[in-house]
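Here is how the chains run, residue by residue.
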Amino acid sequence: MHLTFNSYYSLRYGTISIGQIPGLALEAGAEAALLTDINNTSGTIDFVKACKKSGLRPMAGVEFREGNRLLYTGIAENNRGFKELNDLLTRSNLQGTPLPWPAPPFRDVLVVYPFGSRQVAEMAENEFTGVSISDANKLPLSDYRKYPDRYLIHNPVSFADEKGYELHRYLRAIDNNLLLSRLTPEMVAGSNHMMISHDELRRIFSDYPGLIRNTERLTGRCSIDFDYHTIKNKKTFTGSMYDDRLLLEKLAAEGLEYRYGKNNREAAARVRHELDIIDRLGFGAYFLITWDIIRYSMSRGFYHVGRGSGANSIVAYCLRITDVDPIELNLYFERFLNPRRSSPPDFDIDYSWKERDDVLDYIFKRYGREHTALLGATSTFKGKSTLRELGKVMGLPKAELDRLVDDPNNPLNQDGITRHIAELGTRMTDFPNIRSIHAGGVLISEEPITCYTALDLPPKSMPVTQWDMYVAEDLRFEKLDILSQRGIGHIRDCVDIIRASSGISIDIHQVEKFKQDERVKTQLRNAETNGCFYIESPAMRGLLKKLRCDNYLSLVAASSIIRPGVARSGMMREYIRRFHDPGGFEYIHPVMKEQLSETYGVMVYQEDVLKICHHFAGLDLADADVLRRAMSGKYRSRVEFQKIIDKFFSNCREKGYPDAITNEVWRQIESFAGYSFSKAHSASFAVESYQSLFLKTYFPVEFMVAVINNFGGFYQSWVYFNEARRCGATIELPCINNSDYLNALNGKSIYMGFVHISGLESNVAENLLAERGRNGPYAGLHDFIERVHPAMEQLIILIRTGALRFTGLGKQQLLWEAHMLTGKKQPEPAAVLFRQPVRHFSLPALVHNPLEDAYDEIELLDFPVSMTYFDMLQTSFRGEINAGQLAENTGKIVRMAGVLVTIKYVRTIKSEIMHFATFFDAEGEFFDSVHFPDIARAYPFRGRGVYLLLGKVVEEFGFPSLEVSKMAKLPMKSDPRYT
C-alpha cells in the first residue's frame, strides 16, 4: 500500500521536504508514495525523480482547497490524469474563478472526497470517499457496508514528527495572519497527519480488510513518470527539422555577408562548424525562434542586446541576435553549446523596459498560450523576515520584535521565547514561502505546458509555471530570457530625440565605428561616462581611469573585474597593478601564464575559471562547468558539487603541486566564480556601453534628456540634471505652455516634465496637456483656470513650481489672484459660450526673495533649479581647490566643498563600516572621497547638502581622491518665509 504526503510545497502548511519523502516512505514499509500538495504541483517533477532514484513507485495528485476548506483530492492515474489536474488548477488561476464543487468530470483521475462531505450515491464512477485515521470509528455508522467499493484509505502525512507538527502550527498562523493562540481547528491539520508506518496503518484498518484491498486495487493502477533526457522545447520552427536546417543555413549565410563581407574564410568555416553542432544536438528551432523574436522586435523599431553565453555563437551574431563578434574576442562556441554540456543553454535578450511586455505579448500570441509560459520562481523563508513573522504570531510587542530582528545579539534577547523563535527560524530556513516569477525566463514547449505543471496568473497577466528554473533544467527545457533594462531605453529615446530635433538618423548598431572613434576613446579614457550603461558608477569611473581604458578589449575586461568577487578577492587591485607594471610580477604557475597571459594571470571571466580547472587541476570541461555553475548558485546537487571539489584537490596532489599554490588557485576560483561574467556577457555589456558613450559624446544634451526620461541609472534624477547642465543645457522649470509630461528639449533648454512635480496628480497633467493640444497655449492664469479647472491645491503646486511664470507675475501675486478668481468654491467644468472679461486686482507691493523659490523647488522638484546648493549657503567659501585640481595637489592637505551625490558603505575585515563617497564641486564636477572607520564614526553623513571636507589628496594608479580626516555639513540660509 502507498503513503500520501503533503510536502512543504503545500505552502505554509506541510513541513516535509521533497527529498525526505522517499526515505520516510521506505522506512515506513510503503511500496509507493503519493504527493498531493495543496492547490499546486510545484514539487511533482522533483518528487517523481527522487522516488525513481530510491526505487519507490511515485503517484501524483492535488489536494484542492478553497481557503481552509478541503474540497477533494485528485489522484492522477497516469500522465494524462496529471495534465487534467494541472488544467483544472490552471483554469481556476487564469480565470480567477473558484474551484468547482463537486469535482468536474475526469477521464484519468480518481477523485477522493472528505469523509461525509458528499453522498456516495451521487458520486461518479471515478469518485470515492476518503477514510482517514480519525474517520475509522465513523465507518460503522456510514453507508460503507452498502457501498464498500466506494471507499478508500486516504490519510495525508503533512509532518514527520511532533516538531514538524509544531512548525506546521506556526506556518498556519503566519498564513492566516493570526496569533498562534487564535488558530481554529479548521485552520490546522489534525495530529493524524503525522508520519505513520505502513504496518500501523494496516493495523488501524484491520477490521476493514475490504477497505484495504479496495485502496490497493485503485491506487495500484496509479503511477506517473517523466522523461528527464529529451529536450522539451518546441521541436521545429517551420514544421520540419529538415526545413529548419535549410532556413537556418540560409539566414546564417545572409548574416555572414552582412557581418563579415563576402570572402571571410575564417568566419565561414566557423559558421559551418556551429551549424553542424546545432543540427546534431537539435537546437535549430531554438535558434530560429530566437531569430523570429528578434525579427519581430526590429520590425517594431525596438532595440535589443543579446548577451550571456549565447554571444559565444557566430551564428547568433550573423542572425543579429547579438552584436558581439566572437572571432574578435576569441570566444568559443562550446561555452554555449557542446555535446557534453549537461545543462541547457539559453539566450538572454534585453529590451527597453517600455518594450519588453510588447515582445512577450508577441511570443505568447505567436506560439500559443497553451505552449508558452513565463518561468516561475520560489521565494523561501530566510533570515530576518522569518524571525519577524514568527515574532508576530507569538505576539511579541513591536519594540521586542525590532530588537530581535535588528540586534539579535542583544542580551535582552536571551530568554526562552526568543531562543525558541530563533530555533524555529533555523528549521524553517529555505522552506518555500511564495511562488513568484523568474526575472525573464520564457518557455516555449512542444507539448502543452500543463503536461508538466499547473500555471499561475500573476499581475503580468501571463501564465507562469509553478516550478522554477532548476526543475525546467531537469526536464530539459531551454528557456529564453526576455529581460528589460533602462539603458536600452536611454539609447532608443536618445536616437528618437536626435531625429526629431535635428533630423539626423543614427545607426546605433555601427559599434565597430564607435570603437575606433577618437572622441569616444577620449571620453572613455577620461571616464566622462555619467548616464552611460554599466560604466557610470563611481567605482567604474575610477577603474576606467586607473586602466587608462580607451579600447574595446580593455572595457570588456573592466566590465568583468568590477564584479564583487574579483574586488573582494583582491584580484581587481592586482589586475590594475599588473596592468601598470606587466614585468613586475610572476605567475604562480606556468599553467596560469599559458592560459591567462591576456589578463596578466588574473581570472577575469567565467571562461578563465573553466580553463584553470581544466588545465591546472585536470578536471574535464563538464566537471569544470558544474563547479562554476554551483558557485554561482545555478546547480542544486551539493553532493555532486563536493565530489568535484574533492577531485580538484586530489588531482592537484597527484600532479605534485605544493599545497600553498593549490590553495591560492582555489581561493581565487572560489572568491571569483560565483560573481563572474562570461567573456561574451561582458562583451555584450561593453557593446551597449559604447552605444551610450557615442551618443553622449556627440549628442550630450539629448542623451541626458533620454536618461532622465527613463528614470534609470546609477544616480538619482537630480544628479543627471546637474550632468545635463555640465553638458551645456539650460534647465528650465516646468511650464504649462512649454513642458510635457516627461522632459522636453527645445534647443539646449530642457523644460522639466510635470512628472517631476511632487504632489501633482497625473490626471491634472494629462488634462493640462490635452487641453493645450486642442486649443493652443494658455494666455494667462484666468485662461488656464477657465479651461482646465484645476483643484486649488493643484493650482497652488503649479504656481509654486513656477509653471505660470510666463505670465510675468510673481508667485505671490499669482497666488492672490488664484484665490480671488476661484474663491472657496471650485469652478464646475463646463463649456464656456461667452468668456467673461478678466478681472484685474489691485494688490499691495509684495516682497519676493529668490531664496523662497529655491526652497519651493527642493520641496516640489527634489532639488533647487533656479540656483544651486552652493548659492544657498551662508558662506561664500567654495573650497581651496576644485575637482579638476586634485591631481596637481597629490599628498597635500586641502579643504574642499561638495554636494553629496552618493555613498557606498563597505565593511572591513574587522567588520567595521567605512565609506566611499562622491560629491560634485561648485562647477558641477565630480570628485571622490574615502572615509575610514574612525572618521566615518566621528563625522557621519547628515543627508543631502554641501559638505566641507578636510583631507589628504591621494592618488592610486593615476586616479586622485580625497582621504577625509574631518567633515561638516555647511549651513544653508534659512527660508525667509519662516525667519
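The following refers to the structure shown.

1. Comments concerning the overall build of the protein chain
Here's step 1: Each helix and strand counted, the protein chain has 36 helices and 22 strands in total.
Here's step 2: Its C-alpha atoms give the protein chain a radius of gyration of 34 Å, within 12% of the compact-globule value 30 Å for 979 residues.
Here's step 3: Summarising its shape, the C-alpha atoms of the protein chain cover approximately 100 × 80 × 70 Å along the three principal directions.
Here's step 4: Long-range contacts, defined here as pairs at least 24 residues apart, represent 69% of the contacts in the protein chain between residues at least 6 apart.
Here's step 5: If you sum the accessible surface of the protein chain, you get close to 42100 Å²; carbon and sulfur atoms cover 50% of it.
Here's step 6: The protein chain carries 118 positive and 122 negative side-chain charges, and their two centres are separated by 1 Å.

2. Considerations on the packing of helix 19 (residues 538-546) against helix 20 (residues 552-561)
Here's step 1: Axis separation between helix 19 and helix 20 bottoms out at 11 Å; the angle between their running directions is 140°. Here helix 19 is positioned oblique relative to helix 20, judged by the angle of their axes. Considering how the two elements wind past one another, helix 19 and helix 20 form a crossing that is right-handed. Along the contact surface, helix 19 presents M540, L543 and L544, while helix 20 presents L555, A558, S559 and I561.
Here's step 2: Class assignment for the residues of the contact of helix 19 with helix 20 results in 6 nonpolar, 1 polar and no charged.

3. Brief notes about the packing of aromatic side chains
Here's step 1: Taken as a whole and judged by the stated rule, the model has 45 aromatic pairs.
Here's step 2: Consider the rings of F579 and Y600, whose centres lie 6.5 Å apart with planes at 80°: the pair is edge-to-face. One end of the pair, F579, is in helix 22 (residues 571-580); the other, Y600, is in the loop between helix 23 (590-596) and helix 24 (606-615), and 21 residues separate them in sequence.
Here's step 3: The exposure class of F579 is partly exposed, given its relative accessible area of 22%.
Here's step 4: Here Y600 falls in the buried class, since its relative accessible area comes to 19%.

4. Brief notes about the pattern of salt bridges
Here's step 1: Counted under the stated rule, the structure contains 66 salt bridges.
Here's step 2: For the salt bridge of D225 with K52, the shortest nitrogen-to-oxygen distance reads 3.5 Å. With D225 in the loop between helix 6 (209-220) and helix 7 (241-260) and K52 in helix 2 (residues 44-54), this pair connects stretches of sequence that are 173 residues apart.
Here's step 3: Judged by its relative accessible area of 35%, D225 falls in the partly exposed class.
Here's step 4: Owing to a relative accessible area of 46%, K52 belongs among the partly exposed residues under this scheme.
Here's step 5: A salt bridge links D276 to R280; its shortest N-O distance comes to 3.4 Å. Taken together, the residues D276 and R280, both in helix 8 (residues 265-280) and 4 residues apart, mark about one turn of the helix.
Here's step 6: You can call R280 exposed: its relative accessible area is 54%.
Here's step 7: A network of salt bridges, in which partner residues are shared, links R800, K811, D853, D856, E859, D975 and R977.

5. Section: the sheet that holds strand 18 (residues 893-907)
Here's step 1: Sheet architecture is closed into a barrel: 5 strands sit in the order 18-19-20-22-21, paired in mixed fashion. Taken over all neighbouring pairs, the strand axes of this sheet differ in orientation by 50° on average, direction set aside.
Here's step 2: The pairing of strand 18 with strand 21 (residues 946-956) spans 7 bridges and is antiparallel. Its bridge partner lying in strand 21, I893 is registered against K952.
Here's step 3: Lying on the sheet, helix 30 (residues 717-726) is in contact with strand 18, strand 19 (913-920) and strand 20 (926-931); it crosses strand 18 at an angle near 140°.

6. Considerations on the sheet that holds strand 3 (residues 57-66)
Here's step 1: What the 7 strands build is an open sheet, ordered 1-2-3-4-5-6-7; its pairing is mixed. In this open sheet, the two edge strands, each paired with only one partner strand, are strand 1 (2-5) and strand 7 (151-153). Neighbour to neighbour, the strand axes of the sheet diverge by 30° on average, direction disregarded.
Here's step 2: Relative to strand 7, strand 6 (residues 127-131) is paired through 3 bridges, and the arrangement is parallel. For G130, the partnering residue across the bridge sits in strand 7 and is L152.
Here's step 3: Docked against the sheet, helix 3 (residues 79-95) engages strand 3, strand 4 (69-76) and strand 5 (109-113), running at close to 20° with respect to strand 3.
Here's step 4: Packed onto the sheet, helix 6 meets strand 1, strand 3, strand 5, strand 6 and strand 7 and runs at close to 85° relative to strand 7.

Reading the values: the criteria
- Residues numbered from 1 in each chain as written.
- Predicted model: local features only at pLDDT ≥ 70, side-chain atom pairs only at ≥ 80, totals over all residues.
- Heavy atoms only, no water.
- Helix = DSSP H or I, 4+ residues; strand = E, 2+ residues; numbered from the N terminus.
- Rg over C-alpha atoms; globule rule 2.2 N^0.38 Å.
- Contact = heavy atoms within 4.5 Å.
- Areas by Shrake-Rupley, 256 points an atom, 1.4 Å probe, with all protein chains shown as cover.
- Lys, Arg positive; Asp, Glu negative; His and termini not counted.
- Charge placed at Lys NZ, Arg CZ, Asp CG, Glu CD.
- Axes fitted to C-alpha atoms, helices over the stretch in contact; angles between N-to-C directions.
- Parallel < 35°, antiparallel > 145°, perpendicular 65-115°, else oblique.
- Left-handed = near helix turned anticlockwise from the far one by under 90°.
- Nonpolar A, V, L, I, M, F, W, Y, C, P; charged D, E, K, R; others polar.
- Phe/Tyr/Trp six-rings, centres within 6.5 Å; stacked < 30°, edge-to-face > 60°.
- Buried < 20%, exposed > 50% of the residue type's maximum accessible area, 1.4 Å probe, protein only.
- Salt bridge = Lys/Arg side-chain N within 4 Å of Asp/Glu carboxyl O.
- Pairing = 2+ DSSP bridges.

That's the geometry; what it means functionally is another story.
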